[in-house]
Amino acid sequence: MAKNLIIVESPAKSKTIKKFLGKNYEVVASNGHVRDMPKSQMGIDMDHDFEPRYITIRGKGELLAGLRKEVKKADKIYLATDPDREGEAISWHLCQALKLDPKKTSRITFNEITKNAVRQALKQSRDIDMDLVDAQQARRVLDRMVGYSISPLLWDKVKRGLSAGRVQSVALRIIADREREIEAFIPKEYWSLEAHFAVSGVKKPLVAKYYGDPEKKEISSKEDVERIVAELQDASYRIASIKRRERMKKPPLPFTTSTLQQECSKQLNFATRKTMQVAQQLYEGVAVKGHGTIGLITYLRTDSTRISEEADAACREFIAENYGSENIIEGAGTAKNTKKIQDAHEAIRPTYVELTPAQVKASLSRDQFRLYQLIWKRFVASRMHAARYETISVKIDGGGHRFTSAGSKLVFPGFMAVYQSDEDKEEANAVLAKLKEDSTLQIEKLEKEQHFTQPPAHYTEASLVKALEELGIGRPSTYAPTISTLISRRYVAKEQKNLYLSDLGEIVNRIMVTSFPGIVDVNFTATMEALLDSVADGAVEWKTIIRNFYPDLQESVSRAGEALEKIEIEDEVTDVLCEFCGKNMVIKYGPHGKFLACPGFPECRNTKPYYEKIGVTCPKCGGEIVIKKTQKGRRYYGCENNPECDVMTWQRPSGEKCPNCGGMLLDKGKKLVCADNTCSTIIEKPKS
């Protein structure tokens, strides 16, 4: 009987596939990539049309020797690496490294690791798609050129160990631009006004928000709100209108890589990297009681919301049996996306919809269960009817002013019987149902409250992924590693869920924006992604992109090398004396920023935290305001006498006092703003 050899990427995947096939099939794993360009050099032959030079990855020699033995025994070899460009490239590298005979070698792909999918893939085997391989080669060569050309410049001008990546640098710029928006933001004062009305037959009052006079109007000052309150005190109130309508909430689309990462961050508090790690485990296979080792979800790197006809039919049948046929929606929603979608495989969904989260819970870890439950619920919900709400909106007039109140009641849950996100949770207002048009109301009290507009939110991993996707930067497989690199290089600090630009990140971004504006240009990077798509489609030859890109990069690097001054991160001597040897301590840079160290190292190993003075006196105790950092590297300004003195601010104090309240004035670029939120002082800085 003929012996067939299937080569996959991971041992977990090989174990899952093996159980679907007979004795004449052997399944082995390559453990990911087997060849790559050398780490010690760029690995691109510039003199021979940018030909990449591949070598066997260190430590993979023994594995390849074992694979060669299996290849010799086989009559037919199937390369079953992941169904994307990188997977296609790994299959091609295996062909080269193992010197496989094209006549007895075929490529197979499957979006889910199930018996039917694997057997169907074997029937539809094909040759390696060199367009996909070339698209991946183009990406790797471009990234190599950027990284290995610019990183040495950063080493020379800033410090060793830094790196500059093509997508990574754009992501860093996006974060830096948001930081500047936040720092330059000047809050504006506004007030809210709520009226509490007594409603006969109901204990709870009706709470309505101020709308206008009667046209919509914002209350911008204390004087305005006090004038309005005075006009409303003795007014009589009547219900001007009551509108009852029905509102539909559409079911969600199945998960793509991006939306899965975003939702996992919101609902499960998973980092993007953790989401992908756990999803990979569910895709490759988990031992489930009564079923053996099976893949529980489809392929996890996708930007398509498409679902196969078989999976769609199975899901609708499951809904009919468990939730009633009236809950099944006709057709299915599609993503509103004008950008090109890689539709090579489906959205992320459970491989067996009949395997409910409750059935597999005992076989999964806590994280695996929570992620599987989220994917399962979202997929089932995507094939169910929209939820229906009955909404009531009320307008209340009195004293020449108008208040409004609105509420909704869920009348048909539809998909919400299965899946609810935080945005879906709404509270009904039972008081509104008791109201009648033109009836009068008695006011109980008015509540006014001062607010200030808030700056744009810091990026989180979830919102950064969303921004990268919307801008067309990177692909589903690049989001998690890009963010992980920014954090591990300490260009960005992660605190709670927020991402903050570090001092080091600020320096690197400034160099990139100044010297390599094309590399960090959002539109350029998005255009490059579109060109890589064209290579994958066979419309563009991959080396054409490289030939056009490299000369400009080389010129920019040469120009930057001459123009950039070295950013000296030297050992700055301070007036702080080492208590052990009496020498003046110096400022050093570590993974978390600056610190004080004794210059007598290694004989004296004394170190201390370093706090940089900014020449501003603490308004509370007279001490110096210094620059400090949180454990995660976020910069703030605080008193040197902490913890005795608790003065602290995220914005740089100007050193001037507020003329109204005596508090600190913070430097906001062109303006000075009082640090006290209850004080609305804003002063224009003189134009010097």
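Residues numbered from 1 in each chain as written. Predicted model: local features only at pLDDT ≥ 70, side-chain atom pairs only at ≥ 80, totals over all residues. Heavy atoms only, no water.

1. Comments concerning the overall build of the chain
Moving on, step 1. Scanning the chain from N- to C-terminus turns up 17 helices and 30 strands.
Moving on, step 2. Principal-axis analysis of the C-alpha atoms gives the chain an extent of 95 × 80 × 50 Å.
Moving on, step 3. Here the chain holds 688 residues, and the buried ones make up 50% of them.
Moving on, step 4. Contacts spanning at least 24 positions in sequence make up 66% of the contacts within the chain whose residues lie at least 6 apart.
Moving on, step 5. A total of about 34,900 Å² of accessible surface is found on the chain, and carbon and sulfur atoms cover 48% of it.
Moving on, step 6. The distance from the centre of the 106 positive side-chain charges to the centre of the 94 negative ones in the chain is 5 Å. (Helix = DSSP H or I, 4+ residues; strand = E, 2+ residues; numbered from the N terminus. Buried < 20%, exposed > 50% of the residue type's maximum accessible area, 1.4 Å probe, protein only. Contact = heavy atoms within 4.5 Å. Areas by Shrake-Rupley, 256 points an atom, 1.4 Å probe, with all protein chains shown as cover. Lys, Arg positive; Asp, Glu negative; His and termini not counted. Charge placed at Lys NZ, Arg CZ, Asp CG, Glu CD.)

2. Some thoughts on unusual backbone geometry
Moving on, step 1. Each neighbour pair has its own omega, and for aspartate 213 with proline 214 the value is -10°, a cis peptide bond.
Moving on, step 2. Following the sequence through the fold, proline 214 ends up in the loop between β10 (206–212) and α7 (222–232).
Moving on, step 3. Phi is positive for lysine 99, close to 50°, though the residue is something other than glycine.
Moving on, step 4. Looking at the element boundaries, lysine 99 is found in the loop between α3 (85–98) and β8 (105–107).
Moving on, step 5. Given the relative accessible area of 72%, lysine 99 is considered exposed.

3. Some thoughts on the packing of helix α13 (residues 461–471) against helix α14 (residues 479–488)
Two measures define how a pair of helices packs: the angle their axes make with one another and the distance between the axes.
Moving on, step 1. α14 packs onto α13 with a crossing angle of 125° between their chain directions and a minimal axis gap of 11 Å. Our classification of the angle between α13 and α14 gives oblique. Our pair here, α13 against α14, has a crossing hand that is right-handed. Here α13 contributes Glu461, Leu464, Val465, Leu468 and Glu469 to the contact with α14, which in turn contributes Tyr479, Ile483 and Ile487.
Moving on, step 2. The residue inventory of the contact of α13 with α14, partitioned by class, reads 6 nonpolar, no polar and 2 charged. (Axes fitted to C-alpha atoms, helices over the stretch in contact; angles between N-to-C directions. Parallel < 35°, antiparallel > 145°, perpendicular 65-115°, else oblique. Left-handed = near helix turned anticlockwise from the far one by under 90°. Nonpolar A, V, L, I, M, F, W, Y, C, P; charged D, E, K, R; others polar.)

4. A look at the sheet that holds β8
Moving on, step 1. In spatial order, the strands read β2-β1-β7-β8; together these 4 strands make up an open sheet with parallel pairing. Each edge of the sheet is formed by a strand with only one pairing partner; in this case those strands are β2 (25–29) and β8. This sheet shows a mean twist of 25° between the axes of neighbouring strands, independent of strand direction.
Moving on, step 2. In the sheet, strand β1 (residues 4–8) pairs with strand β7 (residues 76–79) via 4 bridges, with the strands oriented parallel. Along β7, the bridge assignment pairs leucine 5 with isoleucine 77.
Moving on, step 3. Running at roughly 165° to β2, helix α1 (residues 11–18) makes contact with β1 and β2 of the sheet.
Moving on, step 4. Packing against the sheet, α3 makes contact with β1, β7 and β8, and its axis sits at approximately 170° to β8. (Pairing = 2+ DSSP bridges.)

5. What to know about the confidence of the model for the chain
Moving on, step 1. Mean pLDDT over the chain: 89, with 95% of residues reaching 70 or higher.
Moving on, step 2. Across the chain, the secondary-structure element scoring lowest on mean pLDDT is strand β21 (residues 593–597), at 79, and the one scoring highest is β8, at 97.
Moving on, step 3. For the stretch residues 338–343, pLDDT sits under 50, and the model shows 15 contacts to residues farther than four places along the chain or on other chains. (pLDDT = per-residue confidence, 0-100.)

6. Considerations on the packing of aromatic side chains
Moving on, step 1. Per the stated rule, a full pass over the model turns up 9 aromatic pairs.
Moving on, step 2. Summarising the aromatic geometry, the rings of tyrosine 210 and phenylalanine 403 are spaced 5.6 Å apart at their centres and angled 80° between planes, so their arrangement reads as edge-to-face. Taken as a pair, tyrosine 210 in strand β10 and phenylalanine 403 in strand β15 (residues 401–412) lie far apart in primary sequence, 193 residues in all.
Moving on, step 3. When the centroid spacing of 5.3 Å and the interplanar angle of 65° are considered together, the rings of tyrosine 283 and tyrosine 299 count as edge-to-face. Of this pair, tyrosine 283 sits in helix α9 (residues 272–284) while tyrosine 299 sits in the loop between β13 (292–294) and α10 (309–323); the two residues are 16 residues apart in sequence, bridging distant segments of the chain. Tyrosine 299 matches tyrosine 283 in its accessibility class, with the two residues each being buried. (Phe/Tyr/Trp six-rings, centres within 6.5 Å; stacked < 30°, edge-to-face > 60°.)

7. Considerations on the nonpolar core
Moving on, step 1. Ile6, Leu21, Phe110, Leu296, Leu371 and Tyr372 are the most contacted members of the largest nonpolar core, which totals 63 residues.
Moving on, step 2. Sorting elements by how many residues they give to this core places helix α12 (residues 366–382) first, with 9 residues.
Moving on, step 3. When residues no more than four places from it in sequence are discounted, the contact partners of isoleucine 6 are Leu21, Tyr25, Glu26, Val27, Val28, Tyr78, Ala80 and Leu122.
Moving on, step 4. Formed by 60 residues, the second largest nonpolar core is a distinct cluster that contains Ile174, Val492, Val520 and Met528. (Core = buried A, V, L, I, M, F, W, Y, C linked by side-chain atoms within 4.5 Å.)

8. A word on the environment of threonine 482
Moving on, step 1. In this fold, threonine 482 is placed in helix α14.
Moving on, step 2. You can call threonine 482 buried: its relative accessible area is 9%.
Moving on, step 3. A sequence separation of 209 residues divides threonine 482 from arginine 273, and the C-alpha atoms of the two residues are 9.7 Å apart.
Moving on, step 4. With sequence-adjacent residues up to four places away left out, threonine 482 is seen in contact with Val167, Gln168 and Ala171.

9. Remarks on the sheet that holds strand β28 (residues 664–667)
Moving on, step 1. Taken in spatial order, the 4 strands make up an open sheet running β27-β28-β29-β30, and their pairing is antiparallel. Whereas interior strands pair on both sides, the edge strands pair on one side only; in this sheet they are β27 (653–657) and β30 (682–684). Taken pair by pair, the neighbouring strands of this sheet meet at an average axis angle of 30°, ignoring direction.
Moving on, step 2. Taken together, the 3 bridges between strand β29 (residues 671–674) and β30 define a ladder with antiparallel strand orientation. Bridge pairing links valine 673 to isoleucine 682 in β30.

10. Here's the deal with a positive patch on the surface
Moving on, step 1. A surface patch of like charges, here positive, comprises Lys19, Lys115, Arg119 and Lys123.
Moving on, step 2. Mapped onto the elements of the fold, lysine 123 is located in helix α4 (residues 115–123). (Patch = residues over 30% accessible without salt bridge, like charges linked within 9 Å, V, L, I, M, F, W, Y side chains within 5 Å. Salt bridge = Lys/Arg side-chain N within 4 Å of Asp/Glu carboxyl O.)

11. Concerning helix α17 (residues 542–563)
Moving on, step 1. Under the 1.5 Å per step criterion, the end-to-end length of α17 is 32 Å for 22 residues, consistent within 8% with the ideal 32 Å.
Moving on, step 2. Residue phenylalanine 549 marks the point of greatest curvature in α17, where the axis turns by about 25°; the proline proline 551 follows within four residues.
Moving on, step 3. Those residues of α17 lying buried are Trp542, Lys543, Ile545, Ile546, Phe549, Tyr550, Leu553, Ser556, Val557 and Ala560. (Expected span 1.5 Å × (residues − 1). Bend = angle between axes of the 7 residues up to and from the residue.)

12. What to know about the pairing of strand β18 (residues 498–501)
Side-chain direction in a regular strand flips from residue to residue, so the side chains alternate between the two faces of the sheet.
Moving on, step 1. Taken together, the 4 bridges between strand β17 (residues 492–495) and β18 define a ladder with antiparallel strand orientation. By the bridge assignment for β18, glutamate 495 is matched with asparagine 498.
Moving on, step 2. Following β17, the chain reverses through 2 residues before pairing antiparallel with β18; glutamine 496 in that reversal takes a positive phi of roughly 55°.

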